[in-house]
Every structure is written in structure tokens, then in C-alpha cells.
Amino acid sequence: MNDIMSKSEDGEKIKESIKKLLKKRNAILLAHNYEPPEIQDIADLCGDSLELSIKASQTDADVIVFCGVHFMAETASILCPDKTILLPAADAGCPMADMITAEGLINKRKEVPDTVVISYVNTSASVKAESDVCCTSANVIQVANSVPSEKPILMTPDKNLAQYTLSRTNRDIRYWDGYCPIHNNLTVEQVKKVKKAHPGAPFLAHPECPPEILALADEIKSTSGILAYAAQSNNKEFIIGTEVGILHPLKKANPEKTFIPADPGMICPDMKKIGLPHIQLALENMAPEVRVPEEIRIRAKAAVERMLTVPRT
Ligand code: 13P
Ligand code: SF4
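Fair warning: this is a prediction, and the values are worked out from it, not measured in the lab.

Procedures and definitions
- Numbering of residues starts from 1 in each chain and follows the order in which that chain's sequence is written.
- Each chain takes a letter, starting from A, and each ligand takes a number, starting from 1, following the order in which they are written.
- With the structure being a predicted model, the display of local features is reserved for residues of pLDDT at least 70 and the display and counting of side-chain atom pairs for 80 or more, all residues being used for whole-chain, interface and lining totals.
- To obtain the side-chain values, all non-hydrogen atoms of the structure were used and water was disregarded.
- The secondary structure listing takes helices from DSSP runs of H or I that are at least 4 residues long and strands from runs of E that are at least 2 residues long, numbered from the N terminus.
- Put simply, the radius of gyration uses C-alpha atoms, and a globule should come to 2.2 Å times the residue count raised to 0.38.
- Whether two residues are in contact is decided by their heavy atoms, any of which lying within 4.5 Å being enough.
- Method for areas: the Shrake-Rupley scheme with a 1.4 Å probe, in which residue coverage is limited to the protein chains shown.
- For the purpose of counting charges, residues Lys and Arg are taken to be positive, whereas Asp and Glu are taken to be negative. His and the chain ends are not included.
- Lys charges are placed at NZ, Arg charges at CZ, Asp charges at CG and Glu charges at CD.
- Stacked, tilted and edge-to-face pairs are distinguished by plane angle, under 30 degrees for stacked and over 60 for edge-to-face with tilted covering the rest, among Phe, Tyr and Trp rings (Trp via its six-membered ring) whose centres lie within 6.5 Å.
- Residue exposure (1.4 Å probe, protein chains only): buried if accessible area is under 20% of the type maximum, exposed if over 50%, otherwise partly exposed.
- Cavities and pockets are found on a 1 Å grid laid over the protein atoms alone: a cavity is a set of points where a 1.4 Å probe fits but cannot escape, a pocket is an open set with protein on both sides within 12 Å along at least five of seven lines, and a lining residue has an atom within 4 Å of such a point.
- Grid points are joined across faces, edges and corners, and a volume is the space filled by probe spheres set on the points.
- As a working rule, the residues Ala, Val, Leu, Ile, Met, Phe, Trp, Tyr, Cys and Pro are called nonpolar, Asp, Glu, Lys and Arg charged, and the rest polar, with Gly in that last group.
- For this purpose, a residue is taken to be near a molecule or strand whenever a single non-hydrogen atom of the residue falls within 4 Å of it.
- Those molecules having more than half of their atoms within 2 Å of a cavity or pocket grid point set are described as sitting in that cavity or pocket.
- Fitted lines through C-alpha atoms give the axes, limited to the stretch in contact for helices. The angle between two N-to-C directions lies from 0 to 180 degrees.
- In this scheme, roughly parallel covers angles under 35 degrees and roughly antiparallel covers those over 145, while 65 to 115 is roughly perpendicular and the rest are oblique.
- Directions are taken from the helix axis to each C-beta atom, and the arc is the one they span.
- Any pair of N or O atoms that falls within 3.5 Å is considered a polar contact. Within protein, one atom must be able to donate a hydrogen and the other to accept it, and sequence-neighbouring residues count only if both atoms are side-chain atoms.

Trainee: Looking at this model, I keep getting lost on the overall build of the protein chain. Mind explaining?
Mentor: A count of helices and strands for the protein chain gives 15 helices and 12 strands. The C-alpha radius of gyration of the protein chain comes to 20 Å, within 12% of the 20 Å expected for a compact globule of 313 residues. Summarising its shape, the C-alpha atoms of the protein chain cover approximately 65 × 55 × 30 Å along the three principal directions. Contacts in the protein chain between residues far apart in sequence, at least 24 positions, make up 63% of those at least 6 positions apart. When the accessible surface of the protein chain is totalled, it reaches about 13,800 Å², and 51% of it is carbon and sulfur. Side chains of the protein chain carry 36 positive and 41 negative charges; the gap between the two charge centres is 3 Å.

Following this line, the structure appears as C-alpha cells:
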């Protein structure tokens, strides 16, 4: 009991200290929807990759504490070269982003002359620098449709997001063979089992899931799209096909509704690397910092900014 008391007191002390440090550094804290609950609860903004990029591009803060993974902090650095971008756990990466390199993309591009390369925001800055435009799960269809219709498209690195885009557009789309291990592992058997146990509950899936899973989905949305859909729906029960971190904001915003993970094992270890002590330490030491070299940043920025000009519908 005493142990529990002192742990929660410690937690409160760290939160107070983080609050003070954020103020002192003129910093804001951005957190992805998959981050642990205690981090989402103290963030200035929680969101999907697109919302976090937009917020990063608009803030007046001098410092952005990015609670997410490396490519997200890099995107903030691409958009805000004058700000200090802190990633409190330097090793929080994304296995899908690591499935493609700039060199690999340069070689692949040669196979399809005149192709337009759309890279998911889940890529390194150097891959973005070799891309024509970026996309996120929230705007991928609009981005693909913004490409002149006669141009072939090469999508990287997520084959599942690409196949989803192919199914929703009338475009000539080739794709890289990458995937998110967490979403790609969800099986049809598992989804069918959960659906059978919860008949009538809509199945909301993230487009990083494989095509056979998306075929079972009632709605296919980004993490914030799932949050928005659940909030406005009259349903009382939902099956959620994405990383389980999303359950926290879903439950918090909709206490009267029930959210069932399609698979409770959908946990992204990289999204759980940051804890409150890491944030405190990062703000004290102003490290670990993520800064994209200028030569790469300029070219990557063109692809990110081109995405930001595509109207959201
Ligand atoms: P969104 O929050 O943009 O849907 O992205 C999901 C994701 O996998 C981030 O790593
Ligand atoms: Fe990467 Fe998948 Fe983790 Fe997102 S959930 S950071 S795509 S591994």
C-alpha cells in the first residue's frame, strides 16, 4: 500500500516538474495516439501523424518534446529547423520505416520512369528527400488523387496502405514491400473470433492492416479517424483493429461505450519506450535532440509541404 502511495506521489512530482520545465523551456509536448496513457494525459496535443505534423508546423514554442517515434520527430525537425526537437527515448524507431533506405528508393525509381513517389510519413528524412510527396493514413487517398492521372505512382514503404489506396482509387500504383509488423500480424481468424463474440459491433481498422483484414472492416481510418468515428457513432460497442494505445483516448472520450481490441497483442514496443522520467530528463538536458541535416531537410520538406497543400476532405 505504502509502495503504491509513494509510486503515485512520485508520478505526481514528475508531472509537476515536467510542467515547470515545459514552461521554462517554452516547450510543447506532442504525443501520438499510441503513447502510454500517462504521457497522453499530460500532452498539449495528442493526435495522428498528420495532426502532429501540422501542429509542429504551427507552434510558436521554441522546443517540441515529441512523444512518438523517430520519423515523427524528424518530420517536426523538417518543418521547424529553428526549433529544438526532443525525442525523449532516442531509440524509439519504427520497424516499417527501417524497411526502406534512400538508396533502395533511388534504385526502385529507375524501374518506372516518370513515376511519382508517394512516401508514407513513416519513413526516414532521407527517404522523404527522395520522394515527391508524403502521405499519412489520414490523407492517403486525397494525396494519390492529387497526382496527375496519367502518371504512374510508386508508394513506399507500406504495401498494405498501398493496396488499400489501389482499391480506393483508379491509379496505376506500384509499391514497396514493407509493412508494420504490429498491424500485419492481425489474422482473419482472430478478427472473426472477436466479431462472433461481439455481433453488431462495428470493426474499425487501420489501413496498415493487410487487405484480407480490411475486407472485414466496417470503417478504415487513421488513429484520429477512429477516434472521431467512435465519438459520433450511435453504436455502444466497437472492435478496434489497431495498436492498443488508442484504447486509452477512446475510453476517455467515450466512457459510456465499450472498445474491444481486435487483438490485445497489438502492441508497438517502440511506442512504449518513453516514460515520464525520460521526458523530465530530456527537458533538463535538452537531449536527445533530433535534427535533420540541412541538405536532406530542404528536399524532404518539399515532399512534406506538398502533402500539406492537399486539401483534407
Ligand atoms: P496514424 O496515427 O497517422 O494513423 O499512424 C499510425 C502509425 O502507425 C504511426 O506509427
Ligand atoms: Fe511503426 Fe507500426 Fe510501431 Fe507505427 S505501430 S511506429 S508503423 S511499427
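Trainee: Looking at this structure, I do not really get the packing of aromatic side chains. What am I missing?
Mentor: Each pair of aromatic rings is reported with the distance of its centres and the angle of its planes. A complete count under the given rule lists one aromatic pair for this structure. Summarising the aromatic geometry, the rings of Phe-238 and Phe-259 are spaced 5.2 Å apart at their centres and angled 15 degrees between planes, so their arrangement reads as stacked. Within this pair, whereas Phe-238 is found in strand β11 (residues 237-241), its partner Phe-259 is found in strand β12 (residues 258-261), the two being separated by 21 residues in sequence. Note on accessibility: Phe-238 and Phe-259 belong to one class, buried.

Trainee: Got a minute to help me understand empty space enclosed by the protein in this structure?
Mentor: To find the voids left in a structure, one rolls a probe of water-molecule size over its atoms. According to the stated counting rule, one finds two cavities of 30 Å³ or more in the structure shown. Considering only enclosed or pocket space, the largest cavity measures out at about 260 Å³ in volume. Lining the largest cavity are 28 residues, with Tyr-34, Phe-71, Asn-122, Glu-208 and Met-271 positioned closest to its centre. For the lining of the largest cavity, the secondary structure elements donating two or more residues are α3 (49-58), α4 (70-79) and α9 (181-184). A total of three residues in the lining of the largest cavity trace back to one element, the largest contributor, which is α9. Taken together, the residues of the lining of the largest cavity sort by class into 15 nonpolar, 10 polar and three charged. There is about 60 Å³ of room inside the second largest cavity. Taken together, Ser-49, Leu-52, Ser-53, Ala-56, Phe-66, Phe-71, Met-72, Thr-75, Ala-76, Leu-79 and Val-121 make up the lining of the second largest cavity. Of all the secondary-structure elements, those providing two or more residues to the lining of the second largest cavity are α3 and α4. Ranked by the residues each element gives to the lining of the second largest cavity, the list is headed by α4, at five residues. Here the lining of the second largest cavity is built from residues that sort into eight nonpolar, three polar and no charged.

Trainee: How should the site of ligand 2 be read in this particular structure?
Mentor: What surrounds ligand 2 is the set Tyr-34, Cys-94, Pro-95, Met-96, Asn-122, Cys-180, Ile-182, Glu-208, Cys-268 and Met-271. Using a 2 Å cut-off from the grid points, one finds that ligand 2 occupies the largest cavity. Broken down by class, the residue content of the shell around ligand 2 amounts to eight nonpolar, one polar and one charged.

Trainee: Whenever I open this one, the layout of surface pockets confuses me. Can you help?
Mentor: Approximately 340 Å³ is the volume found for the largest pocket. Forming the boundary of the largest pocket are 19 residues, of which Ser-137, Ala-138, Ile-220, Lys-221 and Ser-222 lie nearest the centre. Of all the secondary structure elements, the ones that give two or more residues to the lining of the largest pocket are α7 (140-145), α8 (159-168), β10 (219-220) and α12 (223-232). Per-element accounting of the lining of the largest pocket gives the leading share, three residues, to α7. Here the lining of the largest pocket is composed, by residue class, of six nonpolar, seven polar and six charged.

Trainee: What is the right way to read the packing of α4 against helix α15 (residues 294-309) from this model?
Mentor: A packed helix pair is summarised by two numbers, namely the angle formed by the two axes and the spacing between the axes. It is the contact of α4 with α15, at a shortest axis distance of 9 Å, that shows an interaxial angle of 95 degrees. When the interaxial angle is binned, α4 and α15 end up roughly perpendicular. Residue-level inspection shows Thr-75, Ser-77, Ile-78 and Leu-79 of α4 in contact with α15, the latter providing Arg-297, Ala-300, Lys-301, Val-304, Glu-305 and Leu-308.

Trainee: Would you explain α3 in this entry?
Mentor: Quick reminder: α-helices carry 3.6 residues per turn. Residues three or four places apart thus point the same way. The complete set of buried residues in α3 reads Ser-49, Leu-50, Leu-52, Ser-53 and Ala-56. All buried residues of α3 lie within an arc of 165 degrees about the axis, which places them on one face of the element. The distance from a side-chain oxygen at the start of α3 to the backbone nitrogen of Leu-50 is 3.2 Å, and the residue carrying that oxygen is Asp-48.

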